[in-house]
Amino acid sequence: MIEAQALSKRYGAKTAVDAVSFTVQPGKVTGFLGPNGAGKSTTMRMIVGLDSPSGGHVTVNGARYATHRAPLREVGALLDAKAVHTKRSAYNHLRAMAATHGIPNSRVKEVIDLTGLGPVAKKRVGGFSLGMGQRLGIAAALLGDPHTVILDEPVNGLDPEGVQWVRHLAKGLASEGRTVFLSSHLMSEMAQTADHLIVIGRGRIIADAPIQSIIDGQGRVRVRVRADRPQDLLGSLAGDGVTSQVLEPELIEITGVEPRRIAEIALRERVLVYELTPIQVSLEDAYMQLTQGEVEYHSGNPAADQTSGGQGAVHRDDAQIAPTAEKGR
Amino acid sequence: MATSTQPVPAERRSQRPRTSGPGVTFGRVLKSEWIKVTTVPSTVILIISTVVVMVGLAALFAWSQSISAEALSDPDFPAEFQAPAEGPGSPGFAALSVPSSGLIFGQLLIAALAVVLIASEWTTGMIRSTMVAVPKRTPALLAKTLVVAVVAFAVGLGSALISYLVAQPILRGEDIDFAITEDGVFQSILNTGTFLALVAIISMAIGILLRNTAGGVVTAVGIFFVLPLIVQLLSGLADWIPKAARFLPGDAGNQMVSITTLEDDLTQWEGGLVMGAWALGLLLVALLVAKKRDV
């Protein structure tokens, strides 16, 4: 279990992580999704105490990471595949890390076998490919048989077989009741691995929900409508969860209403409809929309945006995502 | 690289209570740092270089003293160029400092070893693994400092002992060989190790503060080698310069290995304490900075 409260990190004037609060629950894979530079790595580094927060705090399994008596047995973290002395062999690297906790060499051999490092374990890490480096990082994370596993971009540089292996590993660890927190900037990767998603953009949490509700929420029917009197149509459609935007004088996009319902209302209101196109939103699009919203949110006028409310933001366990007015158009 | 990956672990240990099991202790961190220090090639290379350089220098020094002694015994040699036959300045007396005579370059190699071992943690990224395993940080840095200091002590003591043994046959020709039990000799040999241990601690502190191998080595060489030279050049300018220079870490530390000390100089003990204070102070600052700083 990882609990962050109002966790912030500022570097000078730049805010990398902006008062984020979230809980990562045991027993499932929680994906930490966001574009590069969104604050994922910084957040993870604060969880294990490499960076100290500028504000707020974060605990793992109920206590600050550094206060645990046996940190590697509480949390295993892959933060950086190349956090290894390049002249040392993989085996010696793991042996040195294990020694700090009195973890026996038999466990070192176990994680080497588990990660498929056997053939290269006695070679210097400097010659490793990115994929082998990732496997070594994962091996180090599993050394203490930890209850919480944190993996920052674990599939980076892995071959397809390795990617699949990481997926199975993450799911396997979660099914044993462990907390699994892994980051990625690829929605497609998360879709196949995570049970729960925390989406971060510009240092802020923009979604925190089960993956299915994010898919459902973003995938809500969006319908493009061409009509002679779109305003009359919109007036009758207005209601809960319905959002719309006017693209052209006679072209609008409506979200949250089935196409058939729009047609019924158009018929009743005697509005001439000459196009009615449902638009399917893919998961990738949904993610782009979420994070893009966040980018616009910051580069636009923050004060004005705040008053418009709920700008592309999803709050925890509430999948009511409202992809409102994309201002760019 | 071909890899075979095993299927998802049906980890048997998952039911084990998490609160039990061994945790981090200083002894374990010490063992971990020992493994780290002994599993990189630079350690072995620099230790061998240090011993070779120190013993080689000592042999040369012994040889030059035997030549002086030979000249002294030559009646045709002009008296004004001769070293005194006895007491401080005589070849027989100077020979007593043969075991520690390799320090002038030995200290640079040990400084380089210490800086390389600690700064490479940052340059390679290893420090993140280290700090995740030992998030309290200070035990890990302290353990590494201790390991490197002990290694440096052993290298210094060993080199001085070998130097002593190598020098005796060279000196015997002129009858200026000496026993290890002679006044101050064994203490000088022992303190060759102490001096290098303190050099190692100071260099570790510099490495922690700078987090950069090249910068750290240059700074350490500057403190132990260049600074004394500059001070020597400037010492004629004002009386206070040589007086203050006695308290530089290298100058003070060197007093530890001297056989006798002059009136104005620090004694062996005082020199050791001054250098020890430098080492302790710098290490404290480094540990405090490392504790606060983001990795």
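Everything numeric in this text was worked out from a predicted model, so none of it was measured. (Residues numbered from 1 in each chain as written. Chains lettered and ligands numbered in written order. Predicted model: local features only at pLDDT ≥ 70, side-chain atom pairs only at ≥ 80, totals over all residues. Heavy atoms only, no water.)

(A) Highlighting the environment of Ile-201 of chain B. Residues and elements named next belong to chain B. Secondary-structure assignment places Ile-201 in helix H7 (residues 185-210). For the pair Ile-201 and Ala-152, spaced 49 residues apart in sequence, the C-alpha separation works out to 9.3 Å. Dropping the residues within four chain positions of it, Ile-201 is found in contact with Thr-145, Ala-149, Ala-279 and Leu-283. (Helix = DSSP H or I, 4+ residues; strand = E, 2+ residues; numbered from the N terminus. Contact = heavy atoms within 4.5 Å.)

(B) Expanded view of empty space enclosed by the protein. Scanning the model with the defined rule gives four cavities of 30 Å³ or more in all. By volume, the largest cavity amounts to about 160 Å³. For the lining of the largest cavity, the secondary-structure elements that each account for two or more residues are strand E5 (75-78), helix H3 (90-99) and helix H5 (130-142) of chain A together with helix H5 (126-133) of chain B. Looking at the lining of the largest cavity, the element that brings in the most residues is H5 of chain A, giving four residues. Class assignment for the residues of the lining of the largest cavity results in 12 nonpolar, four polar and two charged. (1 Å grid on protein atoms, 1.4 Å probe; cavity = no way out; pocket = protein on both sides within 12 Å on 5 of 7 lines; lining within 4 Å. Points joined across faces, edges and corners; volume = space filled by probe spheres on them. Nonpolar A, V, L, I, M, F, W, Y, C, P; charged D, E, K, R; others polar.)

(C) Expanded view of helix H6 (residues 138-172) of chain B. With 35 residues, H6 of chain B ought to run about 51 Å at 1.5 Å a step, and its terminal C-alpha atoms sit 50 Å apart, in line with that. At Val-166 of chain B, H6 of chain B shows its maximal kink, close to 25°; a proline, Pro-169 of chain B, follows between one and four residues later. (Expected span 1.5 Å × (residues − 1). Bend = angle between axes of the 7 residues up to and from the residue.)

(D) Representation of the pattern of salt bridges. All names here are of chain A. For the coordinates displayed, the defined rule picks out 22 salt bridges over all chains. The shortest N-O distance in the salt bridge between Arg-167 and Glu-189 comes to 3.2 Å. With Arg-167 in helix H6 (residues 160-175) and Glu-189 in helix H7 (residues 187-193), the pair connects residues that are 22 residues apart, well separated along the chain. Assessed through its relative accessible area of 15%, Arg-167 is described here as buried. What makes Glu-189 buried here is its relative accessible area of 9%. Arg-260 serves as the salt-bridge partner of Glu-264, at 3.1 Å between the closest nitrogen and oxygen. Residue Glu-264 and its partner Arg-260 are both found in helix H10 (residues 259-269); the two are separated by four residues, about one turn of the helix. Exposure remark for Glu-264: the relative accessible area of 38% places this residue in the partly exposed category. For Arg-260, a relative accessible area of 64% puts it in the exposed group. (Salt bridge = Lys/Arg side-chain N within 4 Å of Asp/Glu carboxyl O. Buried < 20%, exposed > 50% of the residue type's maximum accessible area, 1.4 Å probe, protein only.)

(E) Structural detail: the UniProt feature "transmembrane region" (unreviewed entry) in chain B. Residues and elements named next belong to chain B. Residues given the UniProt feature "transmembrane region" (unreviewed entry) here are residues 44-63, 102-120, 141-165, 185-210, 217-238 and 272-290. A helix fraction of 100% and a strand fraction of 0% characterise residues 185-210, whose end C-alpha atoms lie 37 Å from each other. Within the segment residues 272-290, helix and strand shares are 100% and 0% respectively, and the terminal C-alpha atoms sit 27 Å apart. (UniProt positions renumbered as here; feature names shortened; annotations may be inferred.)

(F) Focus on the packing of aromatic side chains. Residue and element names in this part refer to chain A. This structure, assessed with the given rule, holds five aromatic pairs over all chains. One aromatic cluster in this structure is built from Phe-22, Phe-32 and Phe-181. Taking NZ or CZ as reference, Lys-122 lies 4.9 Å from the ring centre of Tyr-91, over its face. (Phe/Tyr/Trp six-rings, centres within 6.5 Å; stacked < 30°, edge-to-face > 60°. Lys NZ or Arg CZ within 6 Å of the ring centre and 35° of its normal.)

(G) Summary view of the environment of Pro-146 of chain A. Residues and elements named next belong to chain A. If you trace the backbone, Pro-146 turns up in the loop between H5 and strand E6 (148-152). Classification of Pro-146 by relative accessible area gives buried; the value is 1%. Expressed as a C-alpha distance, the spacing of Pro-146 and Val-75, which sit 71 residues apart in the sequence, is 5.0 Å.

(H) Representation of the interface of chain A and chain B in the model. Between chain A and chain B, the residue contacts involve 59 residues of the former and 49 residues of the latter. Contact with chain B buries surface across chain A, with Leu-50, Arg-88 and Thr-100 of chain A losing the most and accounting together for 14% of the total. Linking chain A to chain B there are two salt bridges. Here Arg-128 of chain B and Asp-80 of chain A are joined by a salt bridge, their closest N and O atoms 2.5 Å apart. In this assembly, chain A and chain B are joined by 15 residue pairs in polar contact (both at pLDDT 80 or more). Split into classes, the residues belonging to the side of chain A that touches chain B amount to 22 nonpolar, 17 polar and 20 charged. (Buried area = accessible area lost by both parts, 1.4 Å probe. Polar contact = N/O pair within 3.5 Å; in protein donor to acceptor, adjacent residues only side chain to side chain.)

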